[in-house]
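Chain by chain, the residues run as shown.
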Amino acid sequence: MAIELNDIHSLFEIYGPRSYGSEAVTQMEHALQSAYLGEQEGASKELVVAAFLHDLGHMLGSNKRGDTETTRKNDDLHQFVALPFLRPVFPSAVVEPIGMHVEAKRCLCAIDPAYQGGLSPQSVRSLEQQGGIHTPEQAAEFQQKPFAADALRLRRWDDLAKVPGAPTPPFEHYFAMVTELYGRQSTVA
Ligand SMILES: [Fe+2]
């Protein structure tokens, strides 16, 4: 089930130029901006790589037309799609925040009154499909989980990484980080 480095490279090559749902950026721009926001905040390399790869599940789950969660009626559960492929080859500090980044949105809506107002229309639309805003109990429980703080940080970069033309380092910069962490899995495959 493990994904190869070449596969990651190819997925970005094929799906990177495609639009990120109905947002005004491509999937490549979105990944680069997410990772760069993390890097600018001084996040760990693991979390920067998590930010870069957080929507890999969209790419793995894309059909030939590149449909993603928002162009289909149902939630594509993209946060989980990539996990079985990533877990055998990347540390938990990369994999877990990716798996938690959608639930982090539900949590942030519950704990930060300003957060929901900053969501894009696409992200507001998908919120209901993804289970809606956390209850206070759900939010408290989520925040107790390992890597929850990382997932909440990643989520905020995800939401901001939708700026057309925003300058970032190139793909190769983050692919080098991906390569460095590849093979440092937390669990044996
Ligand atoms: Fe995203």
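Residues numbered from 1 in each chain as written. Predicted model: local features only at pLDDT ≥ 70, side-chain atom pairs only at ≥ 80, totals over all residues. Heavy atoms only, no water.

Right, let's get into the overall build of the protein chain. Along the protein chain, the regular secondary structure elements total 13 helices and 0 strands. Whereas a compact globule of 189 residues would reach a radius of gyration of roughly 16 Å, the protein chain reaches 15 Å, a difference of no more than 12%. Dimensions along the principal axes, computed over C-alpha positions, put the protein chain at roughly 40 × 35 × 30 Å. Considering the protein chain, the positive charge centre built from 16 side chains and the negative charge centre built from 24 side chains are found 5 Å apart. (Helix = DSSP H or I, 4+ residues; strand = E, 2+ residues; numbered from the N terminus. Rg over C-alpha atoms; globule rule 2.2 N^0.38 Å. Lys, Arg positive; Asp, Glu negative; His and termini not counted. Charge placed at Lys NZ, Arg CZ, Asp CG, Glu CD.)

Empty space among the atoms becomes visible once a probe the size of a water molecule is rolled across them. Applying the stated rule across the entire model yields 3 cavities of 30 Å³ or more. Forming the boundary of the second largest cavity are Phe-12, Gln-27, His-30, Ala-31, Phe-52, Asp-55, Leu-56 and Met-59. Of all the secondary-structure elements, those providing two or more residues to the lining of the second largest cavity are α2 (27-40) and α4 (56-60). With 3 residues, α2 is the largest single contributor of residues to the lining of the second largest cavity. The class makeup of the residues in the lining of the second largest cavity is 5 nonpolar, 2 polar and 1 charged. (1 Å grid on protein atoms, 1.4 Å probe; cavity = no way out; pocket = protein on both sides within 12 Å on 5 of 7 lines; lining within 4 Å. Points joined across faces, edges and corners; volume = space filled by probe spheres on them. Nonpolar A, V, L, I, M, F, W, Y, C, P; charged D, E, K, R; others polar.)

Enumeration over the complete set of coordinates arrives at 8 salt bridges. Close ionic contact of Glu-41 with Arg-153 constitutes a salt bridge, the shortest N to O distance being 3.1 Å. With Glu-41 in the loop between α2 and α3 (45-53) and Arg-153 in helix α12 (residues 148-160), the pair connects residues that are 112 residues apart, well separated along the chain. One salt-bridge network, in which partners are shared between bridges, spans Arg-155, Asp-158 and Asp-159. (Salt bridge = Lys/Arg side-chain N within 4 Å of Asp/Glu carboxyl O.)

This brings us to α2. Between its first and last C-alpha atoms α2 spans 20 Å; for 14 residues at 1.5 Å apiece the expected length is 20 Å, and the two agree. Among the residues of α2, those classed as buried are Gln-27, Met-28, His-30, Ala-31, Leu-32, Gln-33, Ser-34, Ala-35 and Gly-38. Buried positions along α2 lie against α1 (5-15), α3, α4, α12 and α13 (171-181). (Expected span 1.5 Å × (residues − 1). Buried < 20%, exposed > 50% of the residue type's maximum accessible area, 1.4 Å probe, protein only. Contact = heavy atoms within 4.5 Å.)

Relative to the helices and strands, Ile-8 is located in helix α1. For Ile-8 and Phe-171, which are 163 residues apart along the polypeptide, the C-alpha to C-alpha distance reads 12 Å. Setting aside residues no more than four positions away along its own chain, Ile-8 makes contact with Ile-3, Leu-53, Phe-90, Phe-175 and Val-178.

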